[in-house]
Amino acid sequence: MDILKSLNPQQVRAVTAKPGPTLVLAGPGSGKTRVLTHRAAYLIGELKARPFQVMAVTFTNKAATEMGNRITDLLGQRTQGLTLGTFHATCARILRMEAEHLPVNANYVIFDADDQVKIVKQVIRDLNLDEKRFRPQSVHAAISAAKNELYLPEDFPIQTYRDEVVARVYQDYQKTLLLSNALDFDDLLLWMAILLSDRKAVRDKYARRYQYILVDEFQDTNMAQYTLLKQLASYHQNLFVVGDSDQSIYRWRGADYRNVLRFEEDFPGAEVILLEQNYRSTQNILDTAMAIIDRNTNRKPKKLFTERGAGEKISIREAYDEREQAALVVETIIQQISERKASPGDFAVMYRTNSQSRLVEEAFLSANLSYKLVGAQRFYGRREVKDLIAYLRLVANPEDGFSLARVINTPSRYIGTKTFAELITVAGQQQISPGELLLHLAGEEPPELDSFSTPAGKRLAAFGRLLEKWRNAYQTLPPVEILDQILADTDYRTYIEDGTEDGYERWDNVVELRRLASEYQTVGLLAFLEDVALVSDQDTLDPSLEVPTLLTLHAAKGLEFKQVLIIGVNEGILPHQRSFDDPEAMEEERRLFYVGITRAKDNLHLFHSLNRYTFGYFEPLEASRYYRDIPLDLRAEDSFQPVHQLVDSGRLRIGRPWKELQRESASKIARENTFHPGEKVIHPKWGEGLVLNSSLQDDDEILDIFFEGVGKKKLIASLSNLKKIG
DNA sequence: GCATCGGATTTTTTT
DNA sequence: AATCCGATGC
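Nothing here was measured: the structure is a model prediction, and the numbers come from that model.

Engineer: Explain the sheet that holds strand β11 (residues 372–373) to me, using residue names and the numbers behind them.
Structural biologist: The strand order β9-β14-β13-β10-β12-β11 describes an open sheet built from six strands, whose pairing is parallel. Lying at the two open borders of the sheet, with one neighbouring strand each, are β9 (315–319) and β11. Relative to strand β13 (residues 561–566), strand β10 (residues 347–351) is paired through four bridges, and the arrangement is parallel. Across the sheet, the residue bridging to A348 is V564, located in β13. Set on the sheet, helix α14 (residues 357–366) makes contact with β10, β11 and β12 (549–552); between it and β12 the angle comes to about 175°.

Right, here's the structure in full:
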C-alpha cells in the first residue's frame, strides 16, 4: 500500500487500526497530522469509505485546508463530499441545514466575542445590576462556561448569589440572541449537542451518515464537543481521536483533557496507540521540554526521543527591560541569519500575552525588518472592518438589532440614541424587530405612526430604504457587490479617510475586506459572514511570506519552526500571575511553556527581562521558576550573561531589509566556493541543474549552471536560493 | 446629537 | 501609557 510507505510502525498501526473507537496518544512532533491525513486517505482509498461518510474535525481552518490538500495528494481527486473543518464551522453548517429544529432560522448570524459582551452589558443594565460588581466580561465568561458544560439557562446551577445573578443574565442574554436571530460561538456547539440528543431522527441521520469520525487535538475538547462527538459516533462507533494531554492549554475555555480518560471509559473496547518518536526537534530541545513537563503531577510519564541527535544547546538571555529584550530578539535573529544558520522565515517569536508583541514589533520596525503577526483580531477587530461586517450582517439578517445599533448612525445620519430607542420601543409594541420596523417605514405605505412623523422619523425611513435596496441586491448579487453598494451609498470612504495616516490605513483595511469578500462569488453572503466569524488566528497566517512570525504561545499550537524564541520567561508572565493561586492553572502554564518549547526544530532561545513597565510604573521582575528545571548541561555557555553592551554598542544595525541582510551574510561567507563543478543543485524556478563552474567575485560566488530544458545560466549563489542535492 | 475632558481601569490565553 | 467611560457643555 502506497499510503503507508512513509510511516513508522506505530504510525502504520494507527492509520490501519481496525474500525472502532481508537485513541492515539501522540507526543509533540510525532506525526499526528500525518497520521490523521493518512488515516482519512486509508479509509477512503483502502476501506472504500465514501468521502461523504467521513468527518474530520481540526482545530483551525488552516489545519483543515492543509489536511484536505494532503488527502487529495494521497488519493487523487476523491475527496469531494468529505466533511472537514473546525468544530465550530462544521456545527454552523449542519445547524443551518437543520434550522427548522432550532429557535433561529437558517439566516442566523454568528455573534463574535465583542457582540457577546455587549449583549451581556446591556442585559446587566436592563436588570439594574451593578456593572462594577458584575463585570460584563466575567459574567459572559460564566455564561460561556455554562454553555460549554451544556447548561441551559434553566439548568444553571445556583449556589451563590452571584450564580443567581448570572443565571438571570444568562436567561435574558439567550433571549436577546434568539430575538436577533443570532447564535454565539458556544451556541454552535451547544445547540448541535442538544439537537443530536433531543431529536432522535436528526441524530440517526448524521450518526448513520458518518461512518468514520476523526478528531484532532482531542485533549482540548470541552463537554459540549465531547457529547456531540459521542452522539455522532453513536451508530458506527468509529471515533478516531488524536491528542496529547500534555498539550492541553484551553482549560479556561472549558476544555478538559480528562476527556482523554473519559474516552477510554466510555468506549471500553477502544484501541490505544502511542506515538512517541519525535521527528521535529533535536534531543536537547526535547530534554528541555521533558524537564519542564515532568514536574506536572497527574500525568503519565512520557519519554520523547529523536534520531536527530543532540543538536545545539538552549540559549537563555537576560535583558534589562522589555525594550532591550525586544532588541535582543531582533539581534539574535540577525546574528543567526548572518551566520547562515537560518533564513527569516525560520523564526517564530512567542509570548504569553498579546500585549507583549508591541515592543517586539517596534524593534523590528526600527530595524526596518518585516515580520508577520498571528492574530485575526488585529484585522477583524478594526472599527472599519466591524462596521462593514455589521452592515452585511444586517442585510443578511435584519433582525440583528446589534448590528443595526452599530451602523444606524455610522457614518452619522443624525439618528441618535433617542430616535433609536424610540424605534426599539415601537418595534417592541408591534412585536417585530427594529430592523423589520425600519423596512416597514421604508415601504410604499408606511404605517401611520405619530412617533415617526418627525424629521427624525424621515431619516429613519431614508435609512430603511437603503437597507431595503441592499436587501434586494442581496437576492441576486455576490457579497462584494453588496459591499460596494454599501460603501457607495454611505460614502464610507469619505467618512474614514480623514487625511491622516490612520485614515489611509483604515481604507486599506476596507480594500482588504473587499478582496476577501470577492472570494465568495458563488457561495454567498452567509458563507462569507460565517467564515469571517469563525476565522481562527492561525488562519490569517500567510505561509508564502518568508519573514519571522510573532504569535502567542496558544496560537503556536500545532505549528513548528526551525528557530523558536520565547520572550518574557519571567515570574508573573510565564507562569502568568493570574494562575498563581490555582494549582490546575499552574499546571496549564507549564504545559503552555512545553507547547512553545516543542515547536522548535533546531534552536530554542529563551529571553527574560529584569524589569518592566506596567501601567506606567517601572518594576523589577524575576526570572521564571521554569529555568530552575532546565539542566545546566542543556544550556549554551553564554546563557544568563547580561548582554546590555551588545545592544548599546550599536551592533544592532538599523535600516536593513532582510534581503540585504541575507546578501551581506552570504558575501561574508563566500570566501571559498560552496559549489563545485559537477555538483547537482535545485533551483526554485528552473528545477534541477548541473554546476559547470564556480568563481569568487566581489565576495560572492558566481555560478554557471546548466538546467535541463532551460540552458546555461549565470547565477549569484547568495541570491538564487539554490539547494544542493545528492 | 456631538465633542471634550477627567478619572478610572487595564494584562491572560480564543473559536 | 493608553484606552475606555461617563459627565458636562455646546
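Don't stop here, the text continues.
Engineer: Would you mind going over the sheet that holds strand β8 (residues 271–275) in detail, with residue names and values included?
Structural biologist: Here six strands make up an open sheet; going across it, the order is β3-β2-β6-β7-β1-β8 and the pairing parallel. Edge positions in the sheet fall to β3 (83–86) and β8, since each has one partner strand and no second. Taking each pair of neighbouring strands and ignoring which way they run, the sheet shows an average axis angle of 15°. By the bridge criterion, three bridges tie strand β6 (residues 212–215) to strand β7 (residues 239–243) in an arrangement that is parallel. Residue V215 lies in a different strand from β7, and its bridge partner there is V241. The sheet strands contacting helix α3 (residues 61–75) are β2 (54–58), β3 and β6, and the helix crosses β3 at an angle near 155°.

Engineer: Outline the protein's contact with DNA strand B, listing residues and values.
Structural biologist: Around DNA strand B sit 24 residues, and of these R352, N354, S412, G416 and R578 come closest. In this structure, R135 approaches DNA strand B through a side-chain N or O atom, which is 2.9 Å from a phosphate oxygen. For the surface near DNA strand B, the leading source of residues is helix α18 (residues 417–429), giving three residues. In terms of residue class, the surface near DNA strand B is built from five nonpolar, twelve polar and seven charged.

Engineer: Give a description of the packing of helix α16 (residues 383–396) against helix α24 (residues 525–534) that names residues and reports values.
Structural biologist: The relative placement of two packed helices comes down to the angle between their axes together with the axis-to-axis distance. The geometry of α16 relative to α24 is characterised by a closest axis approach of 10 Å and an angle of 135° between their N-to-C directions. When the interaxial angle is binned, α16 and α24 end up oblique. Here α16 runs over α24; the crossing is left-handed. On α24, the residues that touch I389, L392, R393, V395 and A396 of α16 are L525, L526, F528, L529 and V532. For the contact of α16 with α24, the class distribution of residues is nine nonpolar, no polar and one charged.

Engineer: Break down the protein's contact with DNA strand C for me, with residues and values.
Structural biologist: Looking at DNA strand C, the residues that line it are K121, R125 and F615. Between K121 and DNA strand C, the recorded distance is 3.0 Å, taken from a side-chain N or O atom to a phosphate oxygen.

Calculation criteria
- Residues numbered from 1 in each chain as written.
- Chains lettered and ligands numbered in written order.
- Predicted model: local features only at pLDDT ≥ 70, side-chain atom pairs only at ≥ 80, totals over all residues.
- Heavy atoms only, no water.
- Pairing = 2+ DSSP bridges.
- Helix = DSSP H or I, 4+ residues; strand = E, 2+ residues; numbered from the N terminus.
- Contact = heavy atoms within 4.5 Å.
- Axes fitted to C-alpha atoms, helices over the stretch in contact; angles between N-to-C directions.
- Near = heavy atom within 4 Å.
- Polar contact = N/O pair within 3.5 Å; in protein donor to acceptor, adjacent residues only side chain to side chain.
- Nonpolar A, V, L, I, M, F, W, Y, C, P; charged D, E, K, R; others polar.
- Parallel < 35°, antiparallel > 145°, perpendicular 65-115°, else oblique.
- Left-handed = near helix turned anticlockwise from the far one by under 90°.

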